Amino acid sequence: MDQLPLNQETLNKLTNMALSYAPRLILAFLTLIIGFWISKKIANGLLGVFKINQVDASLAKWLGSFLSATLKILVIISVASMIGVETTSFIALLGAAGLAVGLALQGSLANFAGGLLILFFKPFKVGDFIKAQGEEGFVETIDIFFTYVRTFDNQVIVLPNGPLAGEKIVNVTRLERRRVDLEIGISYKDDYNLAAEVLIKLALSHPKVFKDPEPFTGVKNYGDNSINILLRVWCPTEDYYDVFYFINNRIKVEFDKAKISIPFPQRDVHIYN
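Residues numbered from 1 in each chain as written. Predicted model: local features only at pLDDT ≥ 70, side-chain atom pairs only at ≥ 80, totals over all residues. Heavy atoms only, no water.

Caption draft 1: Seen up close, the packing of helix α6 (residues 192-204) against helix α7 (residues 240-257). Axis separation between α6 and α7 bottoms out at 10 Å; the angle between their running directions is 140°. Taken together, the axes of α6 and α7 are oblique relative to one another. Handedness of the α6/α7 crossing: right-handed. Side by side, α6 and α7 meet where A195, V198, L199, L202 and A203 of the first sit next to F246, I247, R250, I251, E254 and F255 of the second. Its residues assigned to classes, the contact of α6 with α7 comprises nine nonpolar, no polar and two charged. (Axes fitted to C-alpha atoms, helices over the stretch in contact; angles between N-to-C directions. Helix = DSSP H or I, 4+ residues; strand = E, 2+ residues; numbered from the N terminus. Parallel < 35°, antiparallel > 145°, perpendicular 65-115°, else oblique. Left-handed = near helix turned anticlockwise from the far one by under 90°. Contact = heavy atoms within 4.5 Å. Nonpolar A, V, L, I, M, F, W, Y, C, P; charged D, E, K, R; others polar.)

See below:
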């Protein structure tokens, strides 16, 4: 069957519609292209600013992506409005959907916000040794949602960033120096001055122990069975455990050489008939 010719009135309507909508479509298309191009340039410029200011790479990348996506959504809404699409209902629907998603993902959003706080304020960085949430270890990775910590026995602990950002964090390795504290008990019959001299000499025999400030000894308290001496020395943070175990391992040996005894708990028992 041959196709029927178009009615002249219909043809005129189509022509008028094309002439009416063509400029809008062309303008909307140009706006879309230029808007996306500007969004990309702004996001790249922001990344450059973050790089200059040494903002964490993970945070900078995420913020750049978030800004780019937000600008593109605004461009799309503007383009839709230009071609006659009612955007009010669309924005309201988008807001309702965002609220529903937010309520459904409260825990994830809390971790997300915590991740942003950690990456922005930097209470710790990758490689630091931290104590938090009853766990301790070296920070391996800081993501937007989770922080990964490696323990001394080579286990990986995944800490959610929400609680982590809102609780106490002990950053053990942030500063360059640490103080090693040791408590040693000697017998009441032994010479305290001699014991202190032995401890100071032992501490200074380790090459990583600082001479300024110099090692310190003092009587911490008088116990039931011993005079308890406190030894404090300073060393580089990365050598803390090396110094700690070196001194601890040598105390008994050096005290034995100096005839200084380390007492153990004792009780006098009196028996009455």
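Caption draft 2: Spotlight on a nonpolar patch on the surface. On the surface, I26, F29, L30, I33, I34, W37, I38 and I42 cluster together into a nonpolar patch covering about 810 Å² of accessible area. Mapped onto the elements, L30 comes out in helix α1 (residues 8-52). (Patch = residues over 30% accessible without salt bridge, like charges linked within 9 Å, V, L, I, M, F, W, Y side chains within 5 Å. Areas by Shrake-Rupley, 256 points an atom, 1.4 Å probe, with all protein chains shown as cover. Salt bridge = Lys/Arg side-chain N within 4 Å of Asp/Glu carboxyl O.)

Caption draft 3: Quick look at the pattern of salt bridges. One pass over the structure, following the stated rule, counts eight salt bridges. E140 is the salt-bridge partner of R150, the closest N and O atoms lying 2.9 Å from each other. With a gap of ten residues between them, R150 in strand β3 (residues 146-150) and E140 in strand β2 (residues 135-142) connect regions that are remote in the sequence. The class of R150 is partly exposed, set by a relative accessible area of 29%. In this structure, E183 and K220 form a salt bridge, with 3.1 Å as the shortest nitrogen-oxygen distance. (Buried < 20%, exposed > 50% of the residue type's maximum accessible area, 1.4 Å probe, protein only.)

Caption draft 4: Region of interest: the sheet that holds strand β7 (residues 216-222). Sheet architecture is open: three strands sit in the order β6-β8-β7, paired in antiparallel fashion. Of all the strands in the sheet, just β6 (177-186) and β7 have a single pairing partner and so form its edges. The average undirected angle you get between the axes of adjacent strands in this sheet is 25°. Along the sheet, α7 contacts β6 and β8 (227-236); its crossing angle with β6, the most-contacted strand, is approximately 20°. (Pairing = 2+ DSSP bridges.)

Caption draft 5: A look at the packing of aromatic side chains. In this structure the tally under the stated criterion is eleven aromatic pairs. Aromatic pair F129 and F152: ring centres 5.1 Å apart, planes at 35°, arrangement tilted. One end of the pair, F129, is in strand β1 (residues 129-132); the other, F152, is in the loop between β3 and β4 (156-160), and 23 residues separate them in sequence. In this structure F129 comes out as buried when scored by relative accessible area, which is 3%. Taking relative accessible area as the criterion, F152 reaches 52% and is therefore assigned exposed. Lying across the ring of F36, K72 places its NZ or CZ 5.6 Å from the centre. The ring of Y240 has R178 sitting right over it, with the charged end atom 3.7 Å from the ring centre. (Phe/Tyr/Trp six-rings, centres within 6.5 Å; stacked < 30°, edge-to-face > 60°. Lys NZ or Arg CZ within 6 Å of the ring centre and 35° of its normal.)

Caption draft 6: Quick look at unusual backbone geometry. The omega torsion across D212 and P213 is 0°, close enough to zero to call that bond cis. The topology assignment puts P213 in the loop between α6 and β7. Even without being a glycine, Q133 presents a positive backbone phi close to 55°. Locating Q133 in the fold gives a position in the loop between β1 and β2. What makes Q133 partly exposed here is its relative accessible area of 27%. Of note in the backbone geometry, N154 takes a positive phi value of approximately 65° without being a glycine. Structurally, N154 is set in the loop between β3 and β4. Of the residues examined, N154 reaches a relative accessible area of 58% and is grouped as exposed.

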